[in-house]
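Tertiary structure, described
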Amino acid sequence: MDDESLVNAPVQKRIYAVVRQIPPGRVATYGQIAAIVGGCTARMVGYALAALPPETDVPWQRVINRQGKISPRGAGDGSLRQRLLLEAEGIAFDQAHRVDLGRFGWQGPDWAWAARHGFVPVPAPDNR
DNA sequence: CACGTGACAACTC
DNA sequence: AGAGTTGCCACGT
């Protein structure tokens, strides 16, 4: 089915698929997405999200940098919108405009889902 | 805490 | 068919 096509799909498409699996009220980092997709660097994730249309179904807003902060984006207004969207989902920002990845950090997609898309083996998401 | 480095893919002309 | 341009990082020292 289309799911398997994902394996042959361009990297960006795979990234979108993973980001789409992030549940509301949860945030993931570029590096995390990159690690799940595999063979992809964190920057590639940023590039992919930057190429997303304004009406995409991909929750790009839930993807933030490793610092737990929102990327500055070119204009800067987009960052504000992203923050509002996250707050609307229940994500809390601290005084430093940072999100506690330990609380809201996404633990990764379901193994069954990942396996279905050929995202296995998935690198250990910091079992901590 | 700040700076510099390392590193890729997709789109358009 | 090829080349150039554009684009929301992470890590170590």
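On to the pattern of salt bridges, then. Tallying each qualifying case throughout the model produces 2 salt bridges. Between Glu89 and Arg62 there is a salt bridge, with its nearest N and O atoms 2.8 Å apart. With Glu89 in the loop between α5 (77-88) and α6 (101-104) and Arg62 in the loop between α4 (42-50) and β2 (63-64), this residue pair connects regions lying 27 residues apart in the sequence. Residue classification places Arg62 among the buried positions, given a relative accessible area of 11%. Glu87 is the partner of Arg83 in a salt bridge, and the nearest nitrogen-oxygen pair spans 3.3 Å. Taken as a pair, Arg83 and Glu87 lie in helix α5 at a separation of 4 residues, close to a single helical turn.

This part is about the packing of aromatic side chains. Throughout the structure, instances matching the rule amount to 1 aromatic pair. Residue placement shows Arg83 over the ring face of Phe93; its charged tip is 5.3 Å from the ring centre.

Residues in contact with DNA strand B, as listed here, are Pro10, Val11, Gln12, Arg43, Met44 and Tyr47. Sugar and phosphate atoms constitute 56% of the interface atoms of DNA strand B, taking the interface as everything within 4 Å of the protein. A distance of 3.4 Å separates a phosphate oxygen of DNA strand B from a polar backbone atom of Val11. The side chain of Gln12 places a nitrogen or oxygen atom 3.4 Å from a sugar or linking oxygen of DNA strand B. Element by element, the count of residues in the surface near DNA strand B is highest for α4, at 3 residues. In terms of residue class, the surface near DNA strand B is made up of 4 nonpolar, 1 polar and 1 charged.

On to the confidence of the model for chain A, then. Counting all residues, the mean pLDDT for chain A is 85, and 85% of those residues have values of 70 or more. Of all the helices and strands in chain A, helix α1 (residues 2-8) carries the lowest mean pLDDT, 58, while strand β1 (residues 28-29) carries the highest, 95.

The subject of this paragraph is the protein's contact with DNA strand C. Near DNA strand C, the surroundings consist of 13 residues, among which Tyr30, Arg43, Tyr47, Trp60 and Arg66 are the closest. A breakdown of the atoms of DNA strand C within 4 Å of the protein gives sugar and phosphate a share of 51%. The separation between a phosphate oxygen of DNA strand C and a polar main-chain atom of Gly31 is 3.5 Å. Residue Arg66 places a main-chain N or O atom 2.8 Å away from a phosphate oxygen belonging to DNA strand C. Those elements giving two or more residues to the surface near DNA strand C turn out to be α3 (30-37) and α4. Among the elements that take part in the surface near DNA strand C, α4 stands out by supplying 6 residues, more than any other. Within the surface near DNA strand C, the residues separate by chemical class into 6 nonpolar, 4 polar and 3 charged.

Another aspect to go through is the nonpolar core. In this structure, Ile15, Val18, Val19, Ile33, Val45, Leu49 and Val63 are the most contacted members of the largest nonpolar core, which totals 25 residues. Counting only elements with at least two residues in this core, the list comes to α2 (11-20), α3, α4 and α7 (111-116). For Ile33, the residues in contact, after removing those within four places along its chain, are Ile15, Val18, Val19, Ile22, Ala28, Val45, Val63 and Trp106. Among the nonpolar cores identified, the runner-up in size contains 8 residues, and Val27, Phe93, Val99 and Phe104 belong to it.

What counts and what doesn't
- Residues numbered from 1 in each chain as written.
- Chains lettered and ligands numbered in written order.
- Predicted model: local features only at pLDDT ≥ 70, side-chain atom pairs only at ≥ 80, totals over all residues.
- Heavy atoms only, no water.
- Salt bridge = Lys/Arg side-chain N within 4 Å of Asp/Glu carboxyl O.
- Helix = DSSP H or I, 4+ residues; strand = E, 2+ residues; numbered from the N terminus.
- Buried < 20%, exposed > 50% of the residue type's maximum accessible area, 1.4 Å probe, protein only.
- Phe/Tyr/Trp six-rings, centres within 6.5 Å; stacked < 30°, edge-to-face > 60°.
- Lys NZ or Arg CZ within 6 Å of the ring centre and 35° of its normal.
- Near = heavy atom within 4 Å.
- Polar contact = N/O pair within 3.5 Å; in protein donor to acceptor, adjacent residues only side chain to side chain.
- Nonpolar A, V, L, I, M, F, W, Y, C, P; charged D, E, K, R; others polar.
- pLDDT = per-residue confidence, 0-100.
- Core = buried A, V, L, I, M, F, W, Y, C linked by side-chain atoms within 4.5 Å.
- Contact = heavy atoms within 4.5 Å.

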